[in-house]
Amino acid sequence: MCVFMIKIDENLTVVSPAGFKASGIHCGLKKSLLKKDLALIYSETLANSAGVYTKNKVKGAPLTVTKKHLTNKKSQAIIINSGNANTCTGDDGLAKANKMTSLCAKALNIKNDDVLVASTGVIGVPLNIDAIKDGIPSLVTNLSCNNSSAKDACSAIMTTDTVMKQAGVEIEIQGKKITIAAMAKGSGMIHPNMATMLSFITTDLSISPILLKEALKTSVNLSYNRISVDGDSSTNDMVLIMANSLANNETILEKNDDFNLFLEALTLLNIYLAKKIAKDGEGATKLIECTVKNAPSIENAEVLAKSVINSNLVKAAIFGSDANWGRILCALGYADIEFDPEKVDVRFESSAGEIVVCKNGLPTNFDESKAKKILLQDEIKILIDLKLGSCKATSWGCDLTYDYVKINGDYRS
């Protein structure tokens with residue numbers, strides 16, 4: 001049992017769980033010498049591992065290689081590059097993804113199949129494998145269990161991100177301290193269909209690979225799969241988790257209280273990072289959280305909440321601090337979910353207060369100036385009551401700003 005409340009700790013990194021090391025360097029994939037572009041996460045022992053991947057039919061070569069290497073549900077290292085997605089490059093891309101793992105395995109003196117690989121960046125450009133080859137010796141030499149090395153790794157996976165995204169949680173299982181930590185990247189091409197980003201999770205928990213996979217999938221469905229920035233599902237995105245058992249707890253083999261506690265902590269961590277990704281959407285100024293409650297099912301509530309945070313008109317209204325609740329009902333209406341528009345209530349909430357703007361599908365005589373003050377804050381909640389059941393779901397997104405177009409208008413440059 002947990003003897004303290006689970007809480008997010010931003011000082012925990014992927015090297016905080018026992019037996020993990022990390023590093024990040026500039027190898028030359030990015031033009032700027034100040035930007036790191038190659039990262040490595042390493043476990044001192046072979047770890048039970050699992051992954052969840054994008055459902056985009058166009059997939060990066062690293063996903064193909066990683067899936068193959070995870071058929072035995074084990075790994076010991078993850079090598080990640082930014083600046084190039086290694087996607088839509090044919091057999092050349094596949095050969096280079098395999099080369100990344102073999103070069104890394106040789107440098108670490110581990111099996112090739114125990115190295116996973118991920119890439120992020122521009123699509124359709126051949127990967128400079130020579131730069132990676134030349135960088136791997138330094139990458140391995142710099143491996144460390146210090147937080148500074150973890151921050152280097154986190155920095156090395158960023159593309160248009162404006163902030164690093166890393167955190168962790170600590171729980172207690174069977175009298176043993178268990179640490180779960182993660183780093184993630186994502187800012188544009190974010191739309192949940194698995195997840196459209198990268199996230200790498202480490203833990204010293206001992207758990208069966210089957211239950212590890214189930215916990216990962218469940219937590220991803222409640223976190224990364226409920227965010228969206230721009231409706232574009234990416235080609236390279238995945239979530240990977242490594243559990244190396246060095247906390248020395250008795251291995252979790254069934255869905256008991258220990259499993260449930262781990263799942264709760266993992267989900268809390270992934271939701272935290274998912275929200276960080278949504279808030280860091282390209283050009284974004286505000287995080288939007290939409291909760292649909294009193295729905296007939298969780299699935300219905302989730303579809304409706306996603307429809308609202310995906311609406312460009314809703315996103316633009318939030319950017320302009322305009323309480324245009326009609327756009328919200330419109331987004332609900334085209335989600336292809338049955339509900340009664342004449343029962344719907346809508347209210348906005350932020351650190352500046354809350355206000356009801358729609359009651360039973362009709363306008364209320366609300367204070368426009370108060371609504372404006374509420375919507376001027378950087379975290380906005382849209383709360384929708386369907387009055388049709390007892391289920392609810394929450395999704396996260398961001399506003400749509402002028403800068404999103406500027407960033408994506410010259411992304412390759």
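These numbers were taken from a predicted model, which means no experiment stands behind them.

> Outline the sheet that holds strand 13 (residues 379-385), listing residues and values.
An order of 12-11-10-13-9-14 is seen for the 6 strands of this open sheet, with the pairing classed as mixed. Two strands bound the open sheet, and with one partner strand each, they are strand 12 (362-363) and strand 14 (391-398). Note: strand 10 (residues 345-350) against strand 11 (residues 353-359), 5 bridges, orientation antiparallel. By the bridge assignment for strand 11, Arg-347 is matched with Val-356. Relative to strand 14, helix 7 (residues 298-310) is tilted by about 20°, and along the sheet it contacts strand 9 (287-295), strand 13 and strand 14.

> Give me the lowdown on the packing of aromatic side chains, citing residues and values where you can.
Taken as a whole and judged by the stated rule, the model has 1 aromatic pair. Ring plane angle 90° and centroid distance 5.2 Å describe the contact between Phe-319 and Tyr-402, whose orientation is recorded as edge-to-face. Taken together, the residues span a long stretch of sequence, with Phe-319 in helix 8 (residues 312-319) and Tyr-402 in helix 11 (residues 402-409) at a distance of 83 residues. Residue classification places Tyr-402 among the exposed residues on the basis of a relative accessible area of 64%.

> Any details on the domain arrangement of the protein? Residues and values, ideally.
When the domains of the protein are assigned, the result is domain 1 (8-280) and domain 2 (287-410). Look at where the C-alpha atoms of domain 1 and domain 2 centre, and you get two points 32 Å apart. On the side of domain 2, 18 residues touch domain 1, which itself brings 16 residues to the contact. In total, domain 1 and domain 2 occlude about 1300 Å² of area from one another, counting both sides; carbon and sulfur atoms represent 55% of this. Counting across the interface, domain 1 meets domain 2 through 4 salt bridges.

> Describe the nonpolar core, with residues and values.
In this structure, Ile-180, Ile-207 and Phe-262 are the most contacted members of the largest nonpolar core, which totals 41 residues. When contributions to this core are tallied by element, the ones reaching two or more residues are strand 2 (38-53), strand 5 (165-173), strand 6 (176-185), helix 5 (209-221), strand 8 (238-243) and helix 6 (257-279). Once residues lying within four places of it in the same chain are set aside, the contact partners of Ile-207 are Asn-48, Leu-212, Ala-243, Thr-251, Ile-252, Phe-259 and Phe-262. Counting 35 residues, the second-largest nonpolar core is a separate cluster that includes Trp-325, Ile-337, Phe-348 and Ile-382.

> Break down the pairing of strand 5 for me, with residues and values.
A large share of strand 5 lies buried, amounting to 7 of its 9 residues. With 9 bridges joining them, strand 5 and strand 6 adopt antiparallel strand pairing. Its bridge partner being in strand 6, Ala-167 is matched across the sheet by Ala-182. Between the end of strand 5 and the start of strand 6, which pair antiparallel, lie 2 residues, with Gln-174 showing a positive phi angle near 55°.

> Describe the environment of Gly-135, and please don't skip the residues or the numbers.
Relative to the helices and strands, Gly-135 is located in helix 3 (residues 129-141). Remark: the alpha-carbon pair of Gly-135 and Gly-326, spanning 191 residues in sequence, is separated by 54 Å. If we ignore the near neighbours within four places in the chain, the residues touching Gly-135 are Ile-25, Cys-27 and Leu-38.

> How would you sum up the environment of Ile-380? Please name residues and give values.
Looking at where Ile-380 falls in the secondary structure, it is placed in strand 13. Each C-alpha atom, one on Ile-380 and one on Ile-157, is 28 Å from the other, the two residues being 223 residues apart in sequence. In this view, Ile-380 contacts Lys-286, Leu-287, Ile-288, Glu-289, Ile-318, Glu-349, Ser-350, Ile-374 and Leu-375; residues no more than four positions away in its chain are not counted.

> Please provide a residue-by-residue account of the pattern of salt bridges, values included.
What the rule picks out here adds up to 15 salt bridges. Close ionic contact of Lys-96 with Asp-92 constitutes a salt bridge, the shortest N to O distance being 3.1 Å. Linking Lys-96 with Asp-92, this pair stays in helix 2 (residues 90-108), spanning 4 residues, or about one helical turn. What makes Asp-92 partly exposed here is its relative accessible area of 35%. Of the charged contacts, one joins Asp-161 and Lys-165 as a salt bridge, the two residues approaching to 2.7 Å between their closest N and O atoms. Salt bridges linked by common partners bring Asp-161, Lys-165 and Asp-280 together as one network.

> Tell me about the pairing of strand 11, and please be specific about residues and values.
Hairpin connection of strand 10 to strand 11: 2 residues between the antiparallel strands. Of the pairings in the sheet, the one linking strand 11 to strand 12 comprises 2 bridges and is antiparallel in character. When the bridges of strand 12 are listed, Cys-358 appears paired with Pro-363. Linking strand 11 back to strand 12 in an antiparallel pair, the connection comprises 2 residues, with Asn-360 at a positive phi of about 55°.

Rules behind the numbers
- In this numbering scheme, every chain counts its residues from 1 along its sequence in written order.
- Only residues with pLDDT of at least 70 are given local features in this predicted model, and only at 80 or more are side-chain atom pairs given and counted; all residues enter the totals for whole chains, interfaces and linings.
- Note: side-chain values were computed over all heavy atoms of the structure, leaving out hydrogens and water.
- One bridge is not enough; two strands pair if DSSP finds at least two bridges between them.
- Labels follow the DSSP assignment, with helices taken as runs of H or I lasting at least four residues and strands as runs of E lasting at least two, numbered in each case from the N terminus.
- Note on contacts: a residue pair is in contact if any heavy atoms of the two residues lie within 4.5 Å.
- To get an axis, fit a line to the C-alpha atoms, keeping to the stretch in contact for a helix; angles then go from 0 to 180 degrees between the N-to-C directions.
- In this scheme Phe, Tyr and Trp rings, the latter by its six-membered ring, pair at centre separations within 6.5 Å, and the angle between planes marks the pair as stacked below 30 degrees, edge-to-face above 60, and tilted otherwise.
- The buried label goes to any residue with under 20% of its type's maximum accessible area, the exposed label to any with over 50%, and the partly exposed label to all in between, with areas taken from a 1.4 Å probe on protein chains only.
- Segment limits for the domains were obtained from an automatic or database-derived domain assignment.
- Buried area is a sum: the accessible area each of two parts loses on coming together, probed at 1.4 Å, counted once for each and added.
- A side-chain nitrogen of Lys or Arg and a carboxyl oxygen of Asp or Glu constitute a salt bridge if their distance falls within 4 Å.
- Definition of nonpolar core: a set of buried residues of the types Ala, Val, Leu, Ile, Met, Phe, Trp, Tyr and Cys, connected through side-chain atoms within 4.5 Å.

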